Amino acid sequence: MVKITRALLQEHVTKTKFRHAMQRVANQAMILTTCATTSPITEGDFRGVTLSSVTSLALHPSPMMQFNLQLPSFTSEALHRSSYFAIHLMRPDSASVELAKLFSKGCVVQSYIESHLNMIRKDIKESGGLKKFFSKIEQRNDIIGTLNKKSAQEISQNSDQPTDVSTPVVKKRFLPFKPFTILKPTDYTVYPISVTKLPLLNNCDRVFICKAAQNFRVGDHEIWVAEVQDILSGEELRKEHVNIIENTETEDEVLKNIGGLVYCNKEFKTVGTIIE
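Q: A description of the pairing of strand S7 (residues 188-193) should follow, citing residues and the corresponding values.
A: The pairing of S7 with strand S8 (residues 196-201) spans six bridges and is classified as antiparallel. What sits directly across from Pro 192, in S8, is Lys 197. Where S7 folds back on S8, the antiparallel hairpin that results is connected by two residues, among which Ser 194 adopts a positive phi of roughly 55 degrees.

Spelled out as structure tokens, the structure:
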């Protein structure tokens, strides 16, 4: 049993205050995609994760960005194998919110996806989005949470030893997250680079094609430095799937679709008005 000391209590309080303070900071919700292997490549080899830590780092001698990943991470493993990846600046709309939510789910939902793949694809096709999938994941998590609490309490009642009711009895399987297996082929474009391929999300404003330059560990996170090799517009990607001859957006519509997808206080937002 862990003894609660004044130092441990203060550390917990500081961490809680830090977490709540950082929730008030607005960050870009950007999506990183990569591939876990080289040739041959299928949709199941593509990986992705939502990031809120992407920043520009340098312009000289070459454009560089940085971000971090919490460890352990299947995405980190894929980056160490491939070294090529794409970072998406998303359009500030509902489609991007759905994608950001999807790519934040991670490995805890992959076993559910694999056992219900056909049903999930059918739901997405019929509803035209991911909301039904998110709803079922929330229901599943609620059921698992209830079972864990009930099972732990039953064990405690039948044991002469104290039981931690937060200890999971119904354990989740952790598998590499494969979000592209449930996305439609028109949702992304496959981009060949070096000996691999990258899945590029079509609903982005801009996508940065990157190669890993450095990475190092700090605490329970890994910091990555990326060299930007190219930048594509979302319009270019969407032309591959929709018959667009020219950009038909008005100037007001173009301005409305810049600024990226902002995440603050556990909500997705757009860039606000100018402060005079």
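Q: Could you give me a rundown of the nonpolar core, with the residues and numbers involved?
A: The nonpolar side chains of soluble globular proteins are, as a tendency, buried together. Core analysis: the largest hydrophobic core is formed by 36 residues, its most contacted members being Leu 102 and Phe 133. Counting 17 residues, the second largest nonpolar core, distinct from the first, contains Met 30, Leu 51, Phe 67 and Cys 210.

Q: Can you tell me about unusual backbone geometry, naming the residues and giving the values?
A: Cis geometry is adopted by the peptide bond preceding Pro 61, which originates at His 60 and carries an omega value of 5 degrees. In this fold, Pro 61 is placed in the loop between strand S4 (55-58) and strand S5 (64-70). Following Leu 71, the chain continues into Pro 72 via a peptide bond in cis, with omega recorded as 0 degrees. For Pro 72, the position within the fold is in the loop between S5 and helix H2 (74-82). Unlike most non-glycine residues, Asn 265 shows phi in positive territory, near 55 degrees. Residue position: Asn 265 is located in the loop between strand S11 (262-264) and strand S12 (267-269).

Q: Quick one: what's the story with helix H5 (residues 117-127), residue by residue and with numbers?
A: An α-helical turn contains 3.6 residues, so any two residues separated by three or four positions project in the same direction. Those residues of H5 that fall on the buried side of the exposure criterion are Ile 120, Asp 123 and Ile 124. Looking down the long axis of H5, one finds its buried residues gathered within 95 degrees of arc, a one-sided arrangement. Facing away from the buried side of H5 by more than 90 degrees, the exposed set consists of Asn 118, Lys 125 and Glu 126. Just downstream of H5, Gly 128 is the residue with a positive phi angle, here 75 degrees.

Q: Could you give an account of the pairing of strand S3 (residues 46-51), naming the residues involved and the relevant values?
A: Of all six residues in S3, five are buried, a share of seventy percent or more. Sheet topology places strand S2 (residues 30-35) next to S3; six bridges connect them, and they run antiparallel. Residue pairing for S3: Thr 33 is matched across the bridge by Gly 48.

Q: Could you give me a rundown of the packing of aromatic side chains, with the residues and numbers involved?
A: Tallied over the entire structure, the rule returns seven aromatic pairs. Ring geometry for Phe 46 versus Phe 180: centroids 5.6 Å apart, planes at 75 degrees, classification edge-to-face. Of the two residues, Phe 46 sits in strand S3 while Phe 180 sits in the loop between helix H6 (131-157) and S7, which places them 134 residues apart along the sequence. Between the aromatic rings of Phe 133 and Phe 134, the centroid separation amounts to 5.8 Å while the plane-to-plane angle is 50 degrees, which identifies the pairing as tilted. Since its relative accessible area comes to 4%, Phe 133 is described here as buried. The exposure class of Phe 134 is buried, given its relative accessible area of 7%. Ring pairing ties together the aromatic residues Phe 46, Phe 103, Phe 180 and Tyr 188, which thus form one cluster.

Q: Outline the pattern of salt bridges, supporting the account with residue identities and numerical values.
A: A full pass over the atoms with the stated rule returns eight salt bridges. The salt bridge involving Lys 132 is made with Asp 123; its shortest N-O contact spans 3.6 Å. Among the ionic pairs, Lys 269 bridges to Glu 267, the shortest N-O distance being 3.1 Å. Each member of the salt-bridge network shares a partner with another, and the members are Asp 123, Lys 132 and Lys 136.

Q: Give a detailed account of the sheet that holds S3, specifying residues and quantitative values.
A: Strand order in the open sheet formed by seven strands is S3-S2-S6-S9-S10-S5-S4, and the pairing between neighbours is antiparallel. At either end of the open sheet lies a strand with only one pairing partner, and these are S3 and S4. Each strand of the sheet is rotated relative to its neighbour by a mean of 35 degrees, with strand direction disregarded. Sheet analysis places S4 next to S5, joined by three bridges and oriented antiparallel. Bridging across to S5, Ala 58 finds its partner in Met 64. In the packing of H2 onto the sheet, contacts are made with S2, S3, S5, strand S6 (84-90), strand S9 (204-218) and strand S10 (221-233), and the angle to S2 comes to roughly 55 degrees.

Parameters and conventions
- Residues numbered from 1 in each chain as written.
- Predicted model: local features only at pLDDT ≥ 70, side-chain atom pairs only at ≥ 80, totals over all residues.
- Heavy atoms only, no water.
- Pairing = 2+ DSSP bridges.
- Helix = DSSP H or I, 4+ residues; strand = E, 2+ residues; numbered from the N terminus.
- Core = buried A, V, L, I, M, F, W, Y, C linked by side-chain atoms within 4.5 Å.
- Buried < 20%, exposed > 50% of the residue type's maximum accessible area, 1.4 Å probe, protein only.
- Arc of directions from axis to C-beta.
- Phe/Tyr/Trp six-rings, centres within 6.5 Å; stacked < 30°, edge-to-face > 60°.
- Salt bridge = Lys/Arg side-chain N within 4 Å of Asp/Glu carboxyl O.
- Axes fitted to C-alpha atoms, helices over the stretch in contact; angles between N-to-C directions.
- Contact = heavy atoms within 4.5 Å.

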